[in-house]
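# Chain and residue survey
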Amino acid sequence: MVSVGVAGRLAARFGPRTVSAAGLTTIAAGLLLLARVPADARYAVDVLPALVLVGAAFGAVLPALMGQAMSAATPDDSGLASGLVNTTQQVGAAIGTAVLATLASTRTGALLGQGESVAAALAGGFRLAYAASAAFALAAAVVAVLLPRPPAEVPVAPTPDHRGRPGRWRRRGARVG
């Protein structure tokens, strides 16, 4: 709902860089809320608010990030650029999942080895994974702010008409006389 109804207006008003940084920071806040969920959590109180926050922020961030990634592509290269962005998303998600699952599993195993219950150990593993995810989201927000801005477009001077006179701006399809 956010990406279709609100994200475009936010990016138009504040710019995609600002929307990206604010959204990634909001995602980090939601993940930090999940990082504090206890083993005996109640869904409506402990989990749902964080999921709504993260979901809404993702809905605002993803269109802004896609727009930024595609903004420098020429029409001839737009298909290639789109493919690279989508491939990067897929590979990044796979690597991120592997890293976070490894962190969670290692922490869970360590807590089980210390005599924690299965529920407490699993919660501890997931809390570590959510905290690491929040750190990655904050790092991405910093990158979104610090990356150099793309160069401003340089206006192109009108080209001479067929008689060698300075060209004039004309509507497409207008006759040159």
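Position numbers for residues count from 1 along each chain, tracking the sequence in the order it is written. Selection of residues for local features in this predicted model requires a pLDDT of at least 70, selection of side-chain atom pairs for listing and counting requires 80 or more, and totals for whole chains, interfaces and linings are taken over all residues. Heavy atoms throughout the structure, all of them, feed into the side-chain values; hydrogens and water do not.

## Some remarks on the overall build of the protein
Note the cut-off: In this description a helix means any DSSP run of H or I spanning at least four residues, a strand means any run of E spanning at least two, and both kinds are numbered starting from the N terminus. The classification of residues rests on relative accessible area computed with a 1.4 Å probe and restricted to protein chains. Under 20% of the type maximum is buried, over 50% is exposed, and intermediate values are partly exposed. In what follows, residue pairs with any heavy atoms lying within 4.5 Å of each other are defined as contacts. All accessible areas in this document rest on Shrake-Rupley with a 1.4 Å probe, and a residue is counted as covered only by the protein chains that are shown.
The secondary structure content of the protein amounts to 6 helices and 0 strands. Secondary structure elements in the protein, listed N-terminal to C-terminal, are α-α-α-α-α-α. Counting over 177 residues, the protein shows a buried share of 24%. Within the protein, residue pairs in contact and separated by at least 24 positions form 58% of the contacts whose partners lie at least 6 positions apart. Carbon together with sulfur atoms contributes 67% to the accessible area of the protein, which is approximately 12000 Å² in total.

## Describing the layout of surface pockets
Put simply, the test is: Cavities and pockets are defined on a 1 Å grid built over the protein atoms alone: a cavity is a set of grid points where a 1.4 Å probe fits but cannot escape, while a pocket is an open set with protein on both sides within 12 Å along at least five of seven lines, and lining residues are those with an atom within 4 Å of any such point. Grid points are joined across faces, edges and corners, and a volume is the space filled by probe spheres set on the points. Residue polarity is assigned by list, with Asp, Glu, Lys and Arg as charged and Ala, Val, Leu, Ile, Met, Phe, Trp, Tyr, Cys and Pro as nonpolar; anything else, Gly included, falls into the polar class.
Space inside the largest pocket adds up to approximately 1300 Å³. Lining the largest pocket are 36 residues, and of these Leu 24, Val 61, Leu 62, Leu 65 and Ala 140 lie nearest its centre. Put simply, the parts of the chain that give the lining of the largest pocket at least two residues each are helix H3 (16-34), helix H4 (43-70), helix H5 (78-113) and helix H6 (118-146). When residues in the lining of the largest pocket are grouped by element, the largest group, 9 residues, is from H5. Grouping the constituent residues of the lining of the largest pocket by class yields 24 nonpolar, 10 polar and 2 charged.

## Examining the nonpolar core
Here is the rule: In plain words, nonpolar cores are sets of buried Ala, Val, Leu, Ile, Met, Phe, Trp, Tyr and Cys residues tied together by side-chain atoms within 4.5 Å.
Counting 15 residues, the largest nonpolar core has Leu 24, Ile 27, Leu 31 and Leu 34 as its most contacted members. For this core, the secondary-structure elements that each account for two or more residues are H3, H4 and H6. Residues within four places of Leu 34 in sequence aside, it is in contact with Val 47, Ala 50, Leu 51, Arg 127 and Tyr 130.

## Quick look at the packing of H4 against H5
Inclusion rule: Interaxial angles span 0 to 180 degrees and are taken between N-to-C directions of axes, which are lines fitted to C-alpha atoms, for helices over the stretch in contact. Every angle not falling under 35 degrees, over 145, or within 65 to 115 is termed oblique; those three ranges are roughly parallel, roughly antiparallel and roughly perpendicular. By convention, the crossing between two helices is left-handed when the near helix turns anticlockwise from the far helix through less than a right angle, and right-handed when the turn is clockwise.
For the pair H4 and H5, interaxial distance at closest approach is 10 Å and the crossing angle is 135 degrees. It follows that H4 is oblique to H5 by the angle criterion. The handedness of the crossing between H4 and H5 is right-handed. Facing H4, whose interface residues are Leu 62, Met 66, Ala 69 and Met 70, H5 presents Ser 78, Ala 81, Ser 82, Val 85, Asn 86 and Gln 89. Tallied by class, the residues present in the contact of H4 with H5 amount to 6 nonpolar, 4 polar and no charged.

## With respect to a nonpolar patch on the surface
Put simply, the rule reads: Each patch is built from salt-bridge-free residues with over 30% relative accessible area, joining like charges within 9 Å and nonpolar side chains (Val, Leu, Ile, Met, Phe, Trp, Tyr) within 5 Å. Every case where a carboxyl oxygen of Asp or Glu lies within 4 Å of a side-chain nitrogen of Lys or Arg is listed as a salt bridge.
Nonpolar side chains collect at one region of the surface, where Val 91, Ile 95, Val 99, Leu 103, Leu 128 and Phe 136 lie side by side and expose about 490 Å² of accessible area between them. The biggest single contributor to the nonpolar patch is H5, with 4 residues. In this structure, Ile 95 sits in helix H5.

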